[in-house]
Amino acid sequence: MFNYIATVPGPVTYRPAVPARLRRAGAALLRRVAAWTPGERSAVPDPSAGGGPAVCVPGGFPRVEAAEVLRGRVAFAGLPPVDLGTGRIDWRLDPHGSRSWALNLHALRWMGSLVLEYERSGNREFLDRAAAIAEDWVRSNPEGGAGVSPWAWAEHPVALRGPALVCLSAHVRADWLHRSLAEHGRVLADPALYRRGHNHGLDQDIALLVIGSRLGRRPWRELAVRRMTDSALLAIDEQGALHEQAPRYGLYVHRRLGAALETIAGCGMEVPPALAARRASLESYVAHATQPDGRLVPIGDGPAGVRPVGFPAPRETVKVFDAGYVFARTAWDDPASAYYSIRFGPGRRLHGHEDHLGVTYHARGRAVLVEAGFHSYERTPYQRWTASPEAHNVPVVPGAAFREGTATRLVSASTGPERQCFRLTDDAYGVRRTRSVLVTHGADLMAVLDEVPAGSELRSLWHFDPSLTAVSVRDGRVVLADGDRRVTLVQLSPDSGLPLGGQEVESQEIATGHLRTARSATVLSPAARSVLTLVVPGTGDPEVTCSGGRVTVRTPGGPVSFPLALGR
């Protein structure tokens, strides 16, 4: 943890922290000290400046190769390194044409990492370079200045940069730094720029808190904690679901709130109980959204591969969040557990996708149905496609205009330990779409009934894990394989119980992580008013029979029987 306290910026003098023996000598002696012993942290504010402690936010800086940064080379957002040089920096540089890269450049967290390396090693080169970078940024990027990069004073870089400057101020006392901290605090306190209920707003609050603490501005500190609590109550519901519509951001906000609670205490303030309670409630949401392989289900703007650590397993194996999620599994702490997710709820917002009615599915220890996931924040046609309905396992209505931001209702839910059934509906295409989902465990099976009213038709989309390749398409069946592993998709007409042929199999490029893609077999059903889809893991030849309005599927785990109409 990096909570530390030091003196407020004053005259232009660079120096590390003060040892305890000098602190006892008093403020007059402190002002005469030219070089302080590295590594020890002062707990005495500078009385001449009327300021307070420099509290460095825990986990506020990314891990970087500090020696590389010292040589002028930086790498952000998973992109190749860039040589910034060791002198003045071109702050309008954007070599990759990347919004994420430009944001990281101006956030200056990489500069803050040099401060931490100085504290660790005592090597003055790291501190001197950090101070030179920060001073160059301050002098080159006046707020509202001509030719200044639009990222310099964008709300999120400001929020991330403020704590880095506070950490630098623990060792560097300079007028330019003091003035810049005050300017950052003024911007962060501006209600017109505040992102209430958003993860950016949380970062703004943390930054305002530490700057207010450093400069001795009590109103800023109190405003930061008050806004932080208000935003948490808005963004996190009583069940613990985050309204940003991406479990990855639930993890991020949980981590940042943890840092915020430590920082509040480090600033000598009381942690509001409501804030601590809402942070704790996020744990259930993140835990339920974690797949048996230990990775978060990549719903919304959440890259595949994110692994939460330290979240206790709840008691329930099936959880319905009113914010629009069903998460269910066979068992906790079992990599071979079956697992699925279903999306419904309010229309798309913040980091959500147009994924309503969408499902994902794991069975027999492997991913089966996936979605296109999250690729990047770049505004490209591909990024827009990953957020579209076609990038998810949903029914689409050909020829009808999709109405963005449409809410979806969960009409009914029946949950038992081995079998669950859900029914959902919306009018996202101007007609009523209805999806019923039945999942059985042990005898692993997912059955999905999609319907639209007479006079309309739908086509359902199914994106399979990139490890699976289509090896057979015939008689309403698609068999997919990965070595000896088999998965079969069967489609039937709910009216007759007969196979529904005419499937199309395409190779779609889906996101497997930030800036990473892979080809996925995507099955598109024939157009029909209603389609019953069966996904049967573990076999390439499941026996399926229909009689008396019921379907029986012989899975590797045993037979499963249910009505053709599923939940009705």
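Sequence order as written defines the numbering, with residues in each chain counted from 1. Whole-chain, interface and lining totals are the exception, using all residues; otherwise, since this is a predicted model, local features are given only for residues with pLDDT of at least 70 and side-chain atom pairs are given and counted only at 80 or more. Heavy atoms from the whole structure form the basis of all side-chain values; hydrogens and water molecules are not counted.

**Thoughts on the nonpolar core**
Then comes step 1: One finds Trp110, Met111, Leu168 and Phe327 to be the most contacted residues of the largest nonpolar core, which totals 98 residues.
Then comes step 2: A run of H or I in DSSP counts as a helix once it spans at least four residues, and a run of E counts as a strand once it spans at least two, with each numbered from the N terminus. For this core, the leading source of residues is helix α11 (residues 247-266), giving nine residues.
Then comes step 3: When residues no more than four places from it in sequence are discounted, the contact partners of Met111 are Ala130, Ile133, Ala134, Ala164, Leu165 and Leu168. In these notes, a set of buried Ala, Val, Leu, Ile, Met, Phe, Trp, Tyr and Cys residues joined through side-chain atoms within 4.5 Å is what counts as a nonpolar core. Three labels apply to residues, based on accessible area from a 1.4 Å probe with only protein chains included: buried if under 20% of the type maximum, exposed if over 50%, partly exposed otherwise in between. Contact definition: two residues touch when any of their heavy atoms are within 4.5 Å.

**Some remarks on the pattern of salt bridges**
Think of it this way: side chains of opposite charge can pair up when their charged atoms draw near.
Then comes step 1: Here, a salt bridge means any Lys or Arg side-chain nitrogen found within 4 Å of an Asp or Glu carboxyl oxygen. What the rule picks out here adds up to 26 salt bridges.
Then comes step 2: Residue Glu68 is joined to Arg73 by a salt bridge in which the shortest nitrogen-to-oxygen separation is 3.2 Å.
Then comes step 3: Residue class for Arg73 comes out partly exposed when judged on its relative accessible area of 34%.
Then comes step 4: Residue Arg423 pairs with Glu451 through a salt bridge whose shortest N-O separation is 3.8 Å. In this pair, Arg423 sits in strand β12 (residues 419-426) while Glu451 sits in strand β14 (residues 445-451), placing the two residues 28 residues apart along the sequence. Comparing Arg423 with Glu451, the two get one shared label, buried.
Then comes step 5: Three or more residues joined by partner-sharing salt bridges are found here, namely Glu68, Arg71 and Arg73.

**Comments concerning helix α9 (residues 199-215)**
Then comes step 1: Expected helix span is computed as 1.5 Å times (number of residues minus one). In this model, α9 (17 residues) spans 24 Å end to end at C-alpha, consistent with the 24 Å of a helix rising 1.5 Å per residue.
Then comes step 2: Across the 17 residues that make up α9, a large majority, 17, are buried.

**What to know about the layout of surface pockets**
Rolled over the atoms, a probe sized like a water molecule indicates the empty space that remains.
Then comes step 1: Here the largest pocket defines a volume of roughly 1700 Å³.
Then comes step 2: Every definition here rests on a 1 Å grid over the protein atoms only: cavities are sets of points where a 1.4 Å probe fits but cannot get out, pockets are open sets enclosed by protein on both sides within 12 Å along at least five of seven lines, and lining residues have some atom within 4 Å of a point. Looking at the largest pocket, it is lined by 46 residues, and the ones nearest its centre are Asn104, Arg109, Arg248, Tyr249 and Tyr377.
Then comes step 3: Contributions of two or more residues to the lining of the largest pocket are made by α4 (99-107), α5 (109-121), α7 (155-169), α9 and α11.
Then comes step 4: Tallying contributions element by element places α11 first for the lining of the largest pocket, with five residues.
Then comes step 5: Residue polarity follows a fixed list, in which Ala, Val, Leu, Ile, Met, Phe, Trp, Tyr, Cys and Pro are nonpolar, Asp, Glu, Lys and Arg are charged, and the others, Gly among them, are polar. By residue class, the composition of the lining of the largest pocket is 20 nonpolar, 14 polar and 12 charged. Grid points are joined across faces, edges and corners, and a volume is the space filled by probe spheres set on the points.

**A word on the state of the cysteines**
Then comes step 1: A pair of sulfur atoms, both from cysteines and within 2.5 Å, is called a disulfide here. Considering all chains together, one arrives at one disulfide under this definition.
Then comes step 2: Each sulfur in the disulfide pair Cys56 and Cys167 lies 1.8 Å from the other. Its torsion about the S-S bond being 110°, the disulfide of Cys56 and Cys167 is classed as right-handed. Taken together, the positions of Cys56 in the loop between α2 (27-32) and α3 (66-70) and Cys167 in helix α7 put the pair 111 residues apart, joining distant regions of the chain.
Then comes step 3: Exposure remark for Cys56: the relative accessible area of 0% places this residue in the buried category.
Then comes step 4: In this structure Cys167 comes out as buried when scored by relative accessible area, which is 1%.
Then comes step 5: Here Cys421 is not cross-linked by a disulfide; its sulfur's nearest cysteine counterpart is in Cys546, at 16 Å.
Then comes step 6: In this structure Cys546 comes out as partly exposed when scored by relative accessible area, which is 32%.

**Some words on the packing of helix α6 (residues 124-140) against helix α8 (residues 175-189)**
Then comes step 1: Helix axes are fitted only over the stretch in contact, all axes being lines through C-alpha atoms; the angle between N-to-C directions runs from 0 to 180 degrees. Interhelical geometry of α6 versus α8 gives an angle of 60° and a closest axis separation of 10 Å. Between α6 and α8, the angle is such that the two are oblique. As α6 packs across α8, the resulting crossing turns out to be left-handed. On α8, the residues touching Ala131, Ala134, Glu135, Trp137, Val138 and Arg139 of α6 are Trp176, Ser180 and His184.
Then comes step 2: Taken together, the residues of the contact of α6 with α8 sort by class into five nonpolar, two polar and two charged. What sets the label is the angle itself: under 35 degrees gives roughly parallel, over 145 gives roughly antiparallel, 65 to 115 gives roughly perpendicular, and the rest give oblique. Put simply, a crossing is left-handed when the front helix is turned counterclockwise from the back one by less than a right angle, and right-handed when it is turned clockwise.

**As for the packing of aromatic side chains**
Within a pair of aromatic rings, the relevant descriptors are the distance that separates the centres and the angle that separates the planes.
Then comes step 1: Centres within 6.5 Å make a pair out of two Phe, Tyr or Trp rings, where for Trp the six-membered ring is used; the pair is then stacked when the planes are under 30 degrees apart, edge-to-face when over 60, and tilted otherwise. Applying the stated criterion across every chain, the model contains 13 aromatic pairs.
Then comes step 2: Their ring planes at 55° and their centres at 5.6 Å tell us that Trp137 and Trp153 sit as a pair that is tilted. In this pair, Trp137 is assigned in helix α6 and Trp153 in the loop between α6 and α7, connecting sequence segments 16 residues apart.
Then comes step 3: According to the relative accessible area criterion, Trp153 is buried, its value standing at 16%.
Then comes step 4: Connected via pairs of aromatic rings, a cluster forms that spans Phe76, Trp91, Trp101 and Trp110.
Then comes step 5: Between Arg217 and the ring centre of Trp220, over which it is positioned, the NZ or CZ distance is 4.7 Å.
Then comes step 6: Criterion for a charge above a ring: Arg CZ or Lys NZ at most 6 Å from the ring centre, at most 35 degrees from the ring normal. In this structure, Arg329 packs its charged tip against the face of Trp332, placed 3.7 Å from the ring centre.

**Overview of the environment of Val531**
Then comes step 1: Structurally, the position occupied by Val531 is in strand β21 (residues 530-537).
Then comes step 2: Residue classification places Val531 among the buried residues on the basis of a relative accessible area of 0%.
Then comes step 3: Discounting chain neighbours no more than four positions away, the residues touching Val531 are Val448, Leu449, Asp450, Leu458, Ser460, Gln491, Leu492, Pro494, Leu500, Ser525 and Pro526.

**Overview of the packing of helix α10 (residues 218-235) against helix α12 (residues 273-288)**
Then comes step 1: Packing of α10 against α12 leaves a shortest axis separation of 9 Å and a crossing angle of 40°. With respect to α12, the axis of α10 lies oblique. The element α10 and its partner α12 pack so that their crossing is left-handed. Seen from α10, the contacting residues are Met228, Thr229, Ala232 and Leu233; seen from α12, they are Ala274, Leu275 and Arg278.

**With respect to the confidence of the model for the chain**
Then comes step 1: Confidence per residue, as judged by the predictor, is encoded in pLDDT with a range of 0 to 100. Per-residue pLDDT for the chain averages 88, and the proportion of residues at 70 or more is 91%.
Then comes step 2: Low confidence marks residues 1-50, where pLDDT is under 50. Its contacts with residues over four positions away, or in another chain, come to 131 contacts.

**What about the sheet that holds strand β23 (residues 550-555)?**
By way of backbone hydrogen bonds, the strands of a sheet pair with one another, either parallel or antiparallel.
Then comes step 1: When DSSP locates at least two bridges between a pair of strands, those strands are taken to pair. Read across the open sheet, the three strands follow the order β22-β23-β24; overall the sheet is antiparallel. Both edges of this open sheet fall to β22 (543-547) and β24 (558-563), since each of them pairs with a single strand only. The average angle at which neighbouring strand axes cross in this sheet is 20°, direction not considered.
Then comes step 2: Sheet topology places β22 next to β23; five bridges connect them, and they run antiparallel. From the neighbouring strand, Glu543 faces β23, where its bridge partner is Arg554.

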